[in-house]
Amino acid sequence: MRVEEAIGHQIARLRAERGMSLTELGEALGRYLDRPWSRQAVHQAERGQRSFTAAELTALALVLDTSVPVLFRAENDRIELPGGAVSPEDYRGVLLNREPDMPLDGVEELIIALHDIGEVLSRPALARLARIGRVADQVAGPDSTPDGSVTG
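Note that this is a predicted model, so its numbers are computed, not measured.

(A) Representation of the side chain of E46 within the structure. Its location among the elements puts E46 in helix α3 (residues 39-46). Looking at E46, the relative accessible area reads 12%, which means it is buried. In this structure E46 touches G8, H9, I11, A12, R15 and L22, once residues within four positions along its chain are discounted.

Here you go:
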């Protein structure tokens with residue numbers, strides 16, 4: 001995945017989470033840029049079909065109520081740059097501005113921990129266990145305690 005595509009995926013995800021249309025996002029960007037983006041420009045950005053200036057990335061972060069590093073976030077894909085590919089681990093390390101011997105601050109530790117938790121929770125076996133747990137709770141009924149006994 002190209003870095004522009006990674007940014008585009010985040011723009012689309014954040015726009016949808018905020019309930020904004022393509023036109024609304026484009027108009028909101030106009031408050032920070034010389035002029036608003038057209039619906040087509042937003043669509044191109046979301047598809048990774050355009051490059052971004054620093055001002056545009058800043059405006060996007062402000063409008064979408066996020067940070068610039070979040071716009072660069074990619075799942076577990078290798079990031080393609082003109083000179084070659086970057087592993088997901090190296091890419092994540094760059095986003096966190098982490099040197100190998102540099103201690104993490106609390107926010108960076110939290111970001112890494114949340115990412116790791118997300119990967120663990122997305123495993124099919126855990127999803128099955130969660131479903132089994134929900135069914136067990138339904139069968140036990142509302143009057144049961146966590147150990148399975150029934151209150152009365």
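Moving on from the coordinates now.
(B) A look at the packing of aromatic side chains. What the rule picks out here adds up to zero aromatic pairs. Lying across the ring of W37, R50 places its NZ or CZ 4.2 Å from the centre.

(C) Summary view of the nonpolar core. Ranked by internal contacts, the top residues of the largest apolar core, which has 21 residues, are I11 and W37. Counting residues per element, the ones that place at least two in this core are α1 (3-17), α2 (22-29), α3 and α4 (54-63). In terms of residue count, α4 provides more of this core than any other element does, five residues in total. Excluding anything up to four places from it in sequence, I11 contacts L25, A45, E46, F52, L60, L64 and L71.

The rules we used
- Residues numbered from 1 in each chain as written.
- Predicted model: local features only at pLDDT ≥ 70, side-chain atom pairs only at ≥ 80, totals over all residues.
- Heavy atoms only, no water.
- Helix = DSSP H or I, 4+ residues; strand = E, 2+ residues; numbered from the N terminus.
- Buried < 20%, exposed > 50% of the residue type's maximum accessible area, 1.4 Å probe, protein only.
- Contact = heavy atoms within 4.5 Å.
- Phe/Tyr/Trp six-rings, centres within 6.5 Å; stacked < 30°, edge-to-face > 60°.
- Lys NZ or Arg CZ within 6 Å of the ring centre and 35° of its normal.
- Core = buried A, V, L, I, M, F, W, Y, C linked by side-chain atoms within 4.5 Å.

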